[in-house]
Structures are given as structure tokens and as C-alpha cells.
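Chains, contacts and geometry: an overview
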Amino acid sequence: DGPVRRSYTIRNFDRAAGTIDIDFVVHGTEGVAGPWAATARPGDTLVMGGVGGGYRPAPHAPWHLLVGDESALPAIAAALEEVPKGAQVHAYIEIADATQTIDLAHPVTWVPRDGAPYGVTLLAKVLELDLPAQPGHVFLHGEAGMVRELRRHLRAHGYPMSAMSISGYWRAGATDEMWRAQKRDWKQQVDQDEQTLTSHACQAMPDVTAMRSNV
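Everything numeric in this text was worked out from a predicted model, so none of it was measured. (Residues numbered from 1 in each chain as written. Predicted model: local features only at pLDDT ≥ 70, side-chain atom pairs only at ≥ 80, totals over all residues. Heavy atoms only, no water.)

With that settled, the discussion passes to the overall build of the protein. Scanning the protein for helices and strands turns up six helices and seven strands. Counting helices and strands in the order they occur from the N terminus, the protein gives β-β-α-β-α-β-β-α-β-α-β-α-α. The contacts of the protein with a sequence gap of at least 6 include a subset with a gap of at least 24, amounting to 60%. Just so you have it, the protein exposes about 13500 Å², and 52% of that area is on carbon and sulfur atoms. (Helix = DSSP H or I, 4+ residues; strand = E, 2+ residues; numbered from the N terminus. Contact = heavy atoms within 4.5 Å. Areas by Shrake-Rupley, 256 points an atom, 1.4 Å probe, with all protein chains shown as cover.)

The next point concerns the side chain of Arg11. Looking at the element boundaries, Arg11 is found in strand β1 (residues 10-14). Owing to a relative accessible area of 17%, Arg11 belongs among the buried residues under this scheme. If we skip the residues at most four places from it in the chain, Arg11 touches Asp21, Asp23, Pro74, Ala77, Ala78, Glu81 and Leu104. (Buried < 20%, exposed > 50% of the residue type's maximum accessible area, 1.4 Å probe, protein only.)

Strand direction decides the pairing type here: strand β6 (residues 137-143) and strand β7 (residues 164-170), joined by six bridges, are parallel. Bridge assignment links Val138 to a residue of β7, and that residue is Met164. In this region the chain leaves β6, passes through helix α4 (residues 144-156) and returns to the parallel neighbour β7; the handedness of that crossover is right-handed. (Pairing = 2+ DSSP bridges. Right-handed = clockwise from strand over helix to strand, strands pointing away.)

Glancing now at the confidence of the model for the protein. Confidence along the protein averages 86 in pLDDT terms, with 90% of residues attaining 70 or more. When pLDDT is averaged over each element of the protein, strand β5 (residues 109-112) comes out on top at 98 and helix α6 (residues 208-213) at the bottom at 38. In the predicted structure, residues 205-215 sits below a pLDDT of 50 and forms one contact with residues beyond four places in sequence or in another chain. (pLDDT = per-residue confidence, 0-100.)

Another aspect to go through is α4. Across its 13 residues, α4 extends 18 Å between first and last C-alpha, which sits within 8% of the 18 Å expected from 1.5 Å per residue. Among all positions of α4, only Ala144, Met146, Val147, Leu150, Arg151, His153 and Leu154 are buried. Measuring from the backbone nitrogen of Gly145 back to the side-chain oxygen at the start of α4 gives 2.9 Å, which picks out Glu143 as the cap. Downstream of α4 by a residue or two, Gly158 has a phi angle that is positive, lying close to 85°. (Expected span 1.5 Å × (residues − 1). Polar contact = N/O pair within 3.5 Å; in protein donor to acceptor, adjacent residues only side chain to side chain.)

Listed below in C-alpha cells is the structure:
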């Protein structure tokens, strides 16, 4: 059957030393990667595949919005290192509590859950943001329910998909295998959101034909 596969962000690559750094979230004893990371020792064997995903922060974007929980923290951390100094950055990262912050390349708004359900506090915090009229470059990854709600919010404000990298990494209450089985349904729900938004936008547009006939 081959090895169990998981996708992770390479946090750092040291070509001279021939090493890479990968950050893991270890939460409990279930799953595959977390328990493995907690017990990994020198000499353990890893089978590594090719690079996936193509997100990189656009260097000339008017502003950047990066949102995620611990599962997206390595990717956000790596992305922030590529955002030019002085760029306008809004970064929101959900963590378990205030003791879990780390130093990053740009200022970050840390959003402690403090026992709240995953994504709830983060969603509320980002919804408070006064979004600029001009779309920036968006990275939105993490718990699927939170991602869907914020995706709908951004699309309702007219932000194009071409300016956003969006993914539901996982779903609260589901193992990775369960989430893989559920993800098709989630994508269908997201597609339905898109159809609803498109329908409302068309209904809100003036009747161009009628306008021309009155000219």
C-alpha cells in the first residue's frame, strides 16, 4: 500500500547542511503525523514527494491578508518572510492561548481560542476588519467551517478568486481520513455559495438592455 502521505509546508531549507525544517501541530494521540512527530528519532525513515501548491505572496499587492489556525501557521510564517518590508499586512492566526505566540517577520494579530470552538473567535475577529475597497492578496487556510464563512464574506465584497489562495485544511471533530471523505461535500457547499453570490450580483445589476432602449 505504500507509506501514509501527508502534506506539509517546508519551513526552512538549508542547502549547505542538507536539512529541512517542518513544523508539526501535536494535539493528542490520534491521527498519523502528530504522534509520529512526538516520537520521531534520528534514523527514522521518511519518504518525500514533490512540491505541491503554488501560493507565494504577490510582491506588488496593495495589501496582504493572511488568516489561519495552527495548521496554517508554518505556511503563513514562510509567506510573511517573502512579503516586502513596509507592505501593508493583516495577519490573523488562531492559537490555543496567549502562551503559543512565536516571532514572525511581520506583526501578527494572535487570536487565542481560550477554550472556544475552533475558528469561532478567529472568524469574529476577521469579520471586524474594515476591508479595503481595492482587493489585496489573500491567504485563507485552516478549519473548514471558518474558511467557508470567510470565503463567502470576501467574495461578497467582490474580491476575485484570482487574488486569493483558499483551502479547508481540516474539519473540527473529523480525523484526516474522515475529512478526506467529507471534502467533496464541502466543496459542493462552497460551489453553492458561489452560485448564490453570483445570482444575487446579477439581480442587483441594472437592466442594461432597458437602459439602452431608453437612451
